[in-house]
Amino acid sequence: MFDIQKIRADFPILTEKVNGKPLVYLDNAATSQKPQVVIDSIVNYYTKYNANIHRGVHTLSQIATNAFEESRTKLQKHFNAKKNYEIIFTSGTTHSINMIATGFSAILNADDEVLVSTMEHHSNIVPWQMLCERTGAKLKVIPMNNEGELLLDEYKKLLSSKTKVVFVNHVSNALGTINPIKKIITEAHKYGAAVLIDGAQSSPHIKPDVQDLDVDFYVASAHKLCGPTGIGILYGKEEWLQKLPPYQGGGEMIKQVTFEKTTYADLPHKFEAGTPNISGGIAFGVAIDYLNSIGFDNIAAYENELLQYATKKLLQIEGLKIYGTSKQKTAVISFNIGNIHPYDIGAIIDKLGIAVRTGHHCAQPIMNFYNIPGTVRASFAFYNTFEEIDLLYEALLKAKMMLE
Ligand SMILES: *Cc1c(COP(=O)(O)O)cnc(C)c1O
């Protein structure tokens, strides 16, 4: 049973007013709101058992270590990793991708190629461009069609024995497209290429099974999954995590240090230098528990109803054009109305309490593809309602009237 009022009651921010109006939060692709259990877990850690982890002999340190490591195990189960040490805590998706792109510097040379898709977030483009600058490897781009779907035949043509890494998002944050990642992974593996899937935008809606996907790396940020900012994960297959060099040197990641030679700690600590975001790691596990208590199938089904309703409703507005019309998509609607600048629409509807994102959504190549400066993006979560979509519709009509 999907009880929307009960769910909304879990999120204290949803009763806030913005500019004198009830908040209508439709910027979930940028970050999600947090349920009280997640907020409480952070307060609880700092109030009752704040201590550094993995090192202390004292009781609080052990309690904190257990809570942090239990959270790792929850994430292992959620993503279905084979080993809990294949789950590395990072500060988020951006950090996770940089760790891998930097690690590949030690492996690639100038004859190698790496493949990216047209619809990536800048986080999944720039670190690889930096890798190519360091190694001389070539970056090639998988094209897409007007609906915002990757062209798989073109992708297959780009693959060769020179391809060493393919990095594609599971879901596009700007278009909502759900990419056929299993096919993408299978094709890359035929040439021995590793695949990194950016799961920042999919993980709030889809429960991925990393073993079934046979993916080499899968990355996500807690803050898009009802967790706090500053914490995320890198899932990596054990063989890859063994092969890649550590990203940062420091405490926690060593086995033994002398001035002659330092040996690195075992996984996952090899990739977790320094004191981590302890409360964040614990809260991430609480957020995952919370989402699983609602159920990812229930979340996806409800959000899809919101998407269908909102798509129909918004298309009633004359001159409104939606970018990203893939058959497989999450509840993201990127649009423009006539020639009105997206920023102006966003600013007006903000006065009516409605939070949407405007601009290029950290995906400028997509905007270049459509030859537009940006879009207005309404992105829905399982705590949004059909009434909120009606409010968005009314607000857009008002904005259109004022701006046209
Ligand atoms: C949000 C997002 C990122 C970046 O995540 P951070 O939490 O800012 O590191 C990367 N890729 C996609 C698809 C995203 O939606």
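Residues numbered from 1 in each chain as written. Predicted model: local features only at pLDDT ≥ 70, side-chain atom pairs only at ≥ 80, totals over all residues. Heavy atoms only, no water.

## Looking at the pattern of salt bridges
So, point 1. A full pass over the atoms with the stated rule returns 18 salt bridges.
So, point 2. As a salt-bridge pair, Glu252 and Arg55 come within 3.6 Å of each other at their nearest N and O atoms. Here Glu252 is found in the loop between helix H9 (238–243) and strand E11 (254–257), whereas its partner Arg55 is found in the loop between helix H2 (36–49) and helix H3 (59–79), with 197 residues between them in sequence.
So, point 3. Residue classification places Arg55 among the partly exposed positions, given a relative accessible area of 48%.
So, point 4. A salt bridge links Asp214 to Lys237, with the nearest nitrogen and oxygen atoms 3.0 Å apart. Separated by 23 residues along the polypeptide, Asp214 in the loop between helix H8 (210–213) and strand E9 (217–221) and Lys237 in the loop between strand E10 (232–236) and H9 bring together distant segments of the chain.
So, point 5. Here Lys237 falls in the buried class, since its relative accessible area comes to 14%. (Salt bridge = Lys/Arg side-chain N within 4 Å of Asp/Glu carboxyl O. Helix = DSSP H or I, 4+ residues; strand = E, 2+ residues; numbered from the N terminus. Buried < 20%, exposed > 50% of the residue type's maximum accessible area, 1.4 Å probe, protein only.)

## Some thoughts on the site of the ligand
So, point 1. Around the ligand, the structure places Thr93, Thr94, His121, Ser123, Asn173, Asp198, Ala200, Gln201, Ser221, His223 and Lys224.
So, point 2. At 2.5 Å from an oxygen atom of the ligand is found a side-chain nitrogen or oxygen belonging to Gln201.
So, point 3. One of the side-chain N or O atoms of His223 is found 2.8 Å from an oxygen atom in the ligand.
So, point 4. Compared with its free state, where it exposes 390 Å², the ligand has 86% of that area covered by protein.
So, point 5. By residue class, the composition of the shell around the ligand is 1 nonpolar, 8 polar and 2 charged. (Near = heavy atom within 4 Å. Polar contact = N/O pair within 3.5 Å; in protein donor to acceptor, adjacent residues only side chain to side chain. Areas by Shrake-Rupley, 256 points an atom, 1.4 Å probe, with all protein chains shown as cover. Nonpolar A, V, L, I, M, F, W, Y, C, P; charged D, E, K, R; others polar.)

## Examining the environment of Thr358
So, point 1. Tracing the chain through its elements places Thr358 in strand E16 (residues 357–359).
So, point 2. Taking the C-alpha atoms as reference points, Thr358 and Gly346, 12 residues apart in sequence, are found 6.2 Å from one another.
So, point 3. Ignoring sequence-local partners within four residues, the contact set of Thr358 consists of Pro342, Tyr343, Gly346, Thr375 and Val376. (Contact = heavy atoms within 4.5 Å.)

## Observations regarding the environment of Ser161
So, point 1. As for its position among the elements, Ser161 is in the loop between helix H6 (152–158) and strand E7 (163–169).
So, point 2. In this structure Ser161 comes out as exposed when scored by relative accessible area, which is 59%.

## So, the side chain of Ser334
So, point 1. Mapped onto the elements of the fold, Ser334 is located in strand E14 (residues 332–337).
So, point 2. A relative accessible area of 0% places Ser334 in the buried class.
So, point 3. Reaching out from Ser334, the side chain makes a polar contact with the side chain of Thr375 at a distance of 3.0 Å.
So, point 4. Excluding its chain neighbours within four sequence positions, the residues that come into contact with Ser334 are Ala174, Lys321, Ile322, Tyr323, His361, Thr375, Val376 and Arg377.

## Observations regarding the packing of aromatic side chains
So, point 1. Here the structure, examined in full by the defined rule, presents 18 aromatic pairs.
So, point 2. Measuring from centroid to centroid gives 5.2 Å for Tyr45 and Tyr49, while their planes differ by 90°, and the two rings are edge-to-face. In this pair, Tyr45 and Tyr49 both sit in helix H2, 4 residues apart, roughly one turn of the helix.
So, point 3. For the pair Phe382 and Tyr383, a centre-to-centre distance of 5.2 Å together with 65° between the ring planes defines the contact as edge-to-face. The exposure classification of Phe382 matches that of Tyr383, with both residues buried.
So, point 4. Chaining the aromatic ring pairs together yields one cluster made of Phe2, Tyr302, Tyr309 and Phe386.
So, point 5. In this arrangement the basic side chain of Lys243 is found over the ring face of Trp240, its NZ or CZ atom lying 4.3 Å from the centre.
So, point 6. Across from the ring centre of Tyr393, 4.7 Å away, lies the NZ or CZ of Lys313, which sits over that ring. (Phe/Tyr/Trp six-rings, centres within 6.5 Å; stacked < 30°, edge-to-face > 60°. Lys NZ or Arg CZ within 6 Å of the ring centre and 35° of its normal.)

## Description of unusual backbone geometry
So, point 1. In this model, Leu267 is joined to Pro268 through a cis peptide bond whose omega is 0°.
So, point 2. As for its placement among the helices and strands, Pro268 is situated in the loop between strand E12 (262–264) and helix H10 (278–294).
So, point 3. In this structure, Asn19 takes a positive phi of about 50° despite not being glycine.
So, point 4. Mapped onto the fold, Asn19 is located in the loop between strand E1 (17–18) and strand E2 (21–22).
So, point 5. By relative accessible area, Asn19 is classed as partly exposed at 46%.
So, point 6. Residues other than glycine seldom take positive phi values, yet Cys226 does so here, at roughly 70°.
So, point 7. Following the sequence through the fold, Cys226 ends up in the loop between E9 and E10.

## Things to note about the domain arrangement of the chain
So, point 1. Segmenting the chain into domains produces domain 1 (4–27 + 295–403) and domain 2 (49–292).
So, point 2. Look at where the C-alpha atoms of domain 1 and domain 2 centre, and you get two points 29 Å apart.
So, point 3. On the side of domain 2, 30 residues touch domain 1, which itself brings 31 residues to the contact.
So, point 4. Together, the buried faces of domain 1 and domain 2 total about 2500 Å²; carbon and sulfur atoms form 60% of this surface.
So, point 5. Area buried by domain 1 at its contact with domain 2 is led by Phe296, Thr330 and Ile366, which between them contribute 27% of it.
So, point 6. Our count for the domain 1 to domain 2 interface comes out at 0 salt bridges.
So, point 7. Inspection of the region where domain 1 meets domain 2 yields 16 residue pairs in polar contact (both at pLDDT 80 or more).
So, point 8. When contributions to the side of domain 1 that touches domain 2 are tallied by element, the ones reaching two or more residues are helix H11 (296–315), E14 and helix H13 (364–370).
So, point 9. It is H13 that provides the largest number of residues to the side of domain 1 that touches domain 2, a total of 6 residues. (Domains from an automatic or database assignment. Buried area = accessible area lost by both parts, 1.4 Å probe.)

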